[in-house]
Structures are given as C-alpha cells and as structure tokens.
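Summary of the model geometry
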Amino acid sequence: MKGAVVFNGIHALDFEAIRCNVVRIPEVLKRIRDAQKIWDDVDCPQGLELGNFIASDNEVFLNNIRLKSLISAVVQIGLYDRYLRSFGVPECLMGSINGDSALAVAVGLYSFEDMVRNSAAVLNRSSSDNRGEGDVPLVLSGISLVKFAAFERLEVDGRQTFAEVKTDGRDFSTLVVKMIEERRVKRFVNVGPGNLLLKRQGTELELAEVQILESIDIDPMLNWFWPEMKGSTVAAAMAQ
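We now turn to the structure provided with this report. Because the structure is predicted, anything quoted here is derived from the model rather than measured.

With that settled, consider the environment of Leu-13. Secondary-structure assignment places Leu-13 in the loop between β1 (3-7) and α1 (16-22). Along the sequence, Leu-13 and Val-75 sit 62 residues apart, while their C-alpha atoms lie 8.9 Å from each other. Dropping the residues within four chain positions of it, Leu-13 is found in contact with Ile-18, Arg-19, Val-22, Ile-54, Phe-61, Ile-71, Ser-72, Val-75 and Pro-193.

A few words on the side chain of Ser-72. Along the chain, Ser-72 falls in helix α5 (residues 65-87). The class for Ser-72 is buried, based on a relative accessible area of 1%. One polar contact links the side chain of Ser-72 to the main-chain carbonyl oxygen of Ile-10, over a distance of 3.2 Å. Non-local contacts of Ser-72, meaning those with residues more than four positions away in its chain, are made with Gly-9, Ile-10 and Leu-13.

Our next topic: helix α2 (residues 26-41). Taking 1.5 Å per residue, 16 residues should reach 22 Å; α2 reaches 23 Å between its end C-alpha atoms and fits that length. Along α2, the positions that sit buried rather than exposed are Glu-27, Val-28, Arg-31, Ile-32, Asp-34, Ala-35, Gln-36, Ile-38 and Trp-39. On its buried side, α2 packs onto α1, α3 (50-54), α5, α7 (112-117) and α8 (120-123).

We now examine the environment of Leu-175. Take Leu-175: it is sitting in helix α9 (residues 172-183). On a C-alpha basis, the gap between Leu-175 and Gly-95 in space is 9.7 Å, while along the polypeptide they are 80 residues apart. With residues near it in sequence (within four places) discarded, Leu-175 still touches Met-94, Phe-148, Ala-149, Ala-150 and Thr-167.

So, about the pattern of salt bridges. Pairs can form between side chains of opposite charge whenever their charged atoms are close. Inspection of the entire model under this criterion finds 13 salt bridges. Here Glu-27 and Arg-82 are joined by a salt bridge, their closest N and O atoms 2.8 Å apart. Within this pair, whereas Glu-27 is found in helix α2, its partner Arg-82 is found in helix α5, the two being separated by 55 residues in sequence. Pair check on accessibility: Glu-27 and Arg-82 agree, each one buried. Ionic pairing is found between Arg-85 and Glu-27, a salt bridge with its closest N-O pair at 3.6 Å. In this pair, Arg-85 is assigned in helix α5 and Glu-27 in helix α2, connecting sequence segments 58 residues apart. Assessed through its relative accessible area of 60%, Arg-85 is described here as exposed. Assessed through its relative accessible area of 13%, Glu-27 is described here as buried. Linked through salt bridges whose partners overlap, the residues forming this network are Lys-2, Glu-152, Lys-178, Glu-182 and Arg-183.

Moving on, we come to α9. Look at α9: 15 Å from first C-alpha to last across twelve residues, which is about the 16 Å you get at 1.5 Å a residue. Arg-184 sits one or two positions beyond α9 and adopts a positive phi of about 60°.

So, on to the sheet that holds β1. The strands that make up a sheet pair up through hydrogen bonds in the backbone, lying either parallel or antiparallel. Spatially, the six strands line up as an open sheet ordered β6-β5-β2-β1-β7-β8, and their pairing is mixed. Each edge of the open sheet is held by one strand with a lone partner, namely β6 (159-164) and β8 (211-214). Sheet twist, expressed as the mean angle between neighbouring strand axes with direction ignored, is 25°. Both strand β2 (residues 92-96) and strand β5 (residues 148-156) contribute to a ladder of five bridges, which runs antiparallel. Note on β5: the bridge partner recorded for Cys-92 is Glu-152. Its contacts with the sheet place α5 against β1, β2 and β7 (187-191), and it is angled at close to 130° to β7.

Conventions used here
- Residues numbered from 1 in each chain as written.
- Predicted model: local features only at pLDDT ≥ 70, side-chain atom pairs only at ≥ 80, totals over all residues.
- Heavy atoms only, no water.
- Helix = DSSP H or I, 4+ residues; strand = E, 2+ residues; numbered from the N terminus.
- Contact = heavy atoms within 4.5 Å.
- Buried < 20%, exposed > 50% of the residue type's maximum accessible area, 1.4 Å probe, protein only.
- Polar contact = N/O pair within 3.5 Å; in protein donor to acceptor, adjacent residues only side chain to side chain.
- Expected span 1.5 Å × (residues − 1).
- Salt bridge = Lys/Arg side-chain N within 4 Å of Asp/Glu carboxyl O.
- Pairing = 2+ DSSP bridges.
- Axes fitted to C-alpha atoms, helices over the stretch in contact; angles between N-to-C directions.

Shown next, in the form of structure tokens:
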C-alpha cells in the first residue's frame, strides 16, 4: 500500500499539554537542543531558551507566531527522525513548503541548520518580540499565504531522491485528491502531533477508502502520549 507522510504545520503545538508531552520524546528533544545551538551561534543580544518557550503557557506561545512557527517545524523534524528509524523513508511527503518548513528539510531542499538560521524568528529577534498576526507562516518579506507541496520518492543512479509533484499549492484538499488519484496513495501518516490537515478532508477520504494514521499512535514506545491527556479536550481535538 503506497503511503505518504504529512507534516501538519504550525498549529500542531497549540495546546500546552501537547507541548509538555512532545518534549519528552528523545528525538524531539535532540532537535530542540540542536536548534538552540544554532540560535545561540547567531550574533544577537536577545537570548532565548527554546525549551523554556515550548514549555510556556498558551498566552506566551500562541502570541509569538514566528517562534511558534520555528518550534513547530523543529518538533516535526524530530518526530520524522523517529518515524524514519522505525519505518524507513516514505514513498511520498506532503505539507507546507514555505516559511519554516519541515517538509523542505525532509526532502533535502535545505538543511536543518539553514532552516533555523533563515527563520523569521531568528532574523527578526533583535528588532521585535517575534509577535505576528494571522493564520499563516511567516517568510523573510513578511506574512505569506501557505503554499502546500507534495514530493514522491524516486531512485536516480542508485540513490534515493524526491521529486515535486506538480500542483498550484494553494489548496491542500486538491493536493490530497491528486495524490490519491494519480499517485495511488492509500495511507497517510500525520507527523503532528495530531491530525490537523487531513481531518478537514474526512468525508472525501472515507469515500476513497484510505487509511489516516498518526505517527505517535503507530509507535508502540509512545503509547503513553495520548492516555496521559485522556478525558481532556486537548486529546479529543488533536487525535480526531
């Protein structure tokens, strides 16, 4: 069954309980520490502990959109590292491709270090408190509409690489349908935490008889993640 990994974007960490749990995952913690080293290496008088920021309350976290965008990408790359160790390189990858993009790092468009160094959170941290507005990722020139993309794994000269699937990038629903109909994708695994992008397509995906999974759910070593929030509105909202 052909599958795709979906990076869920900047809203995957909008709940404080989610943030407190996700930093307990070793691969995520490693990526946060790596990002901190890069952050500290940039010459700027404003210091920040990224670990403290991710553990901050919702008022602080949600009101710092540039930092939220960067941290969300860092966390998803950590979760993807863990996915790769257990399941290998997926056949397709999907998600947002502009701003702080875990997808762009995963397909090799640029490195993790380049993503952090060129993040609006880093480049603007000396002149503002990283506050922003809107429901979209930030890019160097300001606020930009989300651009979605999909990539398919290919083998070229004995090496694995990813080729972008042609799409206008404006509508994720259209992209999902394209991957199902043209690339025969029947299994989608969310790297979130939670299922944010694909749950909006619920009825259409049910009719297409595809599987929708969560990378945390299919990892037996992370079976503690959601039960610790059992009964909370957070678990219900994120796991649907």
